[in-house]
Amino acid sequence: IDYDAKILGQANRAIAVAPDNVRAYYAKSIYLFLRRPNEALGAADAGLAVNSNYANLYEARGFAEVSLGRFEQAKSDTQQAMRLSPRDPYLGSWHQVLGDAELGARHFDAAIDEYNKAIDAGFRVFVPYVDLAAAYALKGETEEAKSALMEGRRLNPELTLAWLTDHAPNIPPLFEGLRKAGLPEK
């Protein structure tokens, strides 16, 4: 399946038909952030030019900034999303982005705090647990790392470092920490 044609084609058609519909820019940006983060930023910025108060587009910018290794900008963008929509249903995901930015900047205590906030806000997918495991491992808290990794692997049994290479932003401390925590390569 040509996902680029399918997803980007639909997003681009939606933008062409209704250029003031910011959700289409958001969908495009979220799809692109992992593999083409500069294009993801462009899509988010185009949407913000239409509506600078659409909080999700700041989250999309945050994801792209994390993928580019611009951790301070990712924090700033995500905090703007939180200011615009402090009770947003996506708040847990936004804490995840903040955690990734803190992890990338090697601020392990702050990353642990954000990942726990993500989980507490109801974002109970494998991602915050796995990232939490990395932060704990890098901090030297082995038991906490193993416990978090166990929950992450329960939620995603396919999880390996090879799988994450294809599905996660390139945050070097993430991979370093997960090796320390004991996540298998394959």
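Scoring rules and cut-offs
- Residues numbered from 1 in each chain as written.
- Predicted model: local features only at pLDDT ≥ 70, side-chain atom pairs only at ≥ 80, totals over all residues.
- Heavy atoms only, no water.
- Phe/Tyr/Trp six-rings, centres within 6.5 Å; stacked < 30°, edge-to-face > 60°.
- Helix = DSSP H or I, 4+ residues; strand = E, 2+ residues; numbered from the N terminus.
- Buried < 20%, exposed > 50% of the residue type's maximum accessible area, 1.4 Å probe, protein only.
- Axes fitted to C-alpha atoms, helices over the stretch in contact; angles between N-to-C directions.
- Parallel < 35°, antiparallel > 145°, perpendicular 65-115°, else oblique.
- Left-handed = near helix turned anticlockwise from the far one by under 90°.
- Contact = heavy atoms within 4.5 Å.
- Core = buried A, V, L, I, M, F, W, Y, C linked by side-chain atoms within 4.5 Å.

J.: Outline the packing of aromatic side chains, listing residues and values.
T.: Applying the stated criterion across every chain yields a total of two aromatic pairs. Taking 5.5 Å as the distance between ring centres and 70 degrees as the angle between the ring planes, the aromatic pair formed by F126 and W163 counts as edge-to-face. Of the two residues, F126 sits in helix α8 (residues 126–139) while W163 sits in helix α10 (residues 161–167), which places them 37 residues apart along the sequence. W163 shares its class with F126; the two are buried.

J.: Kindly report on the packing of α8 against helix α9 (residues 142–155), identifying the contributing residues and their values.
T.: At a minimum axis distance of 8 Å, the contact between α8 and α9 shows a crossing angle of 160 degrees. By the angle between their directions, the pair α8 and α9 is classed as roughly antiparallel. The chirality of how α8 crosses α9 is left-handed. Counting all contacts with α8, which are made through F126, Y129, V130, L132, A133, Y136 and A137, the residues of α9 involved are E144, A145, A148, L149, E151, G152 and L155.

J.: Report on the nonpolar core, specifying residues and quantitative values.
T.: In terms of nonpolar packing, the biggest core is built from 42 residues, with L103, L164, L174 and L178 touching the most fellow members. Here this core gets ten residues from one element, more than from any other, and that element is α8. Each residue touching L174, except ones within four places of it in the same chain, is listed here: L103, D131, A134, A168 and P169. V22, Y54, A55 and Y58 belong to the second largest nonpolar core, which has 17 residues in total.

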